[in-house]
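Reading the structure
Below, each chain spelled out in residue letters.
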Amino acid sequence: MNRYEILTAAHDAVTARGQNYGDAKDNFERIAALWSVILGVDVQPHDVSAMMIAVKLARLSNDPTHRDSMIDIAGYAALWSECVEEAPDN
């Protein structure tokens, strides 16, 4: 897959996930709230993107050819951008 195919696949994945899980920002806010309680630290929606990218990087360290993880990283990076764009202090 080339970069354009990865980005197109990431777009498709983000769209499909939105249909399954609802609005990404709302979902990341729910995840951040849960992680904040579990970890005992303040977790923001953009932190969810960062942590999910870290999960995908860990998986890629086992299999650096796994395209699905690459696609997910691109999608999480795009969602990270949306989270910080819409953050109250921006």
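Just above, that's the structure.
Everything in this summary refers to the structure shown in the same document. (Residues numbered from 1 in each chain as written. Predicted model: local features only at pLDDT ≥ 70, side-chain atom pairs only at ≥ 80, totals over all residues. Heavy atoms only, no water.)

1. Considerations on the overall build of the protein chain
Scanning the protein chain from N- to C-terminus turns up 4 helices and 0 strands. Starting at the N terminus and ending at the C terminus, the protein chain contains elements arranged as α-α-α-α. With the C-alpha coordinates aligned to their principal axes, the bounding extent of the protein chain is approximately 40 × 25 × 25 Å. By residue count, 28% of the 90 residues in the protein chain fall in the buried class. Of all intrachain contacts in the protein chain linking residues separated by at least 6 positions in sequence, the fraction that spans at least 24 positions is 49%. In the form shown here, the protein chain has an accessible surface area of approximately 6100 Å², with 56% of it arising from carbon and sulfur atoms. Taking the 7 positively charged and 14 negatively charged side chains of the protein chain as two groups, their mean positions are separated by 7 Å. (Helix = DSSP H or I, 4+ residues; strand = E, 2+ residues; numbered from the N terminus. Buried < 20%, exposed > 50% of the residue type's maximum accessible area, 1.4 Å probe, protein only. Contact = heavy atoms within 4.5 Å. Areas by Shrake-Rupley, 256 points an atom, 1.4 Å probe, with all protein chains shown as cover. Lys, Arg positive; Asp, Glu negative; His and termini not counted. Charge placed at Lys NZ, Arg CZ, Asp CG, Glu CD.)

2. Let's talk about the layout of surface pockets
Estimated volume of the largest pocket: approximately 350 Å³. Along the wall of the largest pocket there are 21 residues; nearest its centre are Arg17, Tyr21, Phe28, Tyr76 and Leu79. Every element with two or more residues in the lining of the largest pocket is listed here: helix H1 (3–21), helix H2 (24–39), helix H3 (45–62) and helix H4 (67–85). With 6 residues, the single largest contributor to the lining of the largest pocket is H1. The residue inventory of the lining of the largest pocket, partitioned by class, reads 13 nonpolar, 4 polar and 4 charged. (1 Å grid on protein atoms, 1.4 Å probe; cavity = no way out; pocket = protein on both sides within 12 Å on 5 of 7 lines; lining within 4 Å. Points joined across faces, edges and corners; volume = space filled by probe spheres on them. Nonpolar A, V, L, I, M, F, W, Y, C, P; charged D, E, K, R; others polar.)

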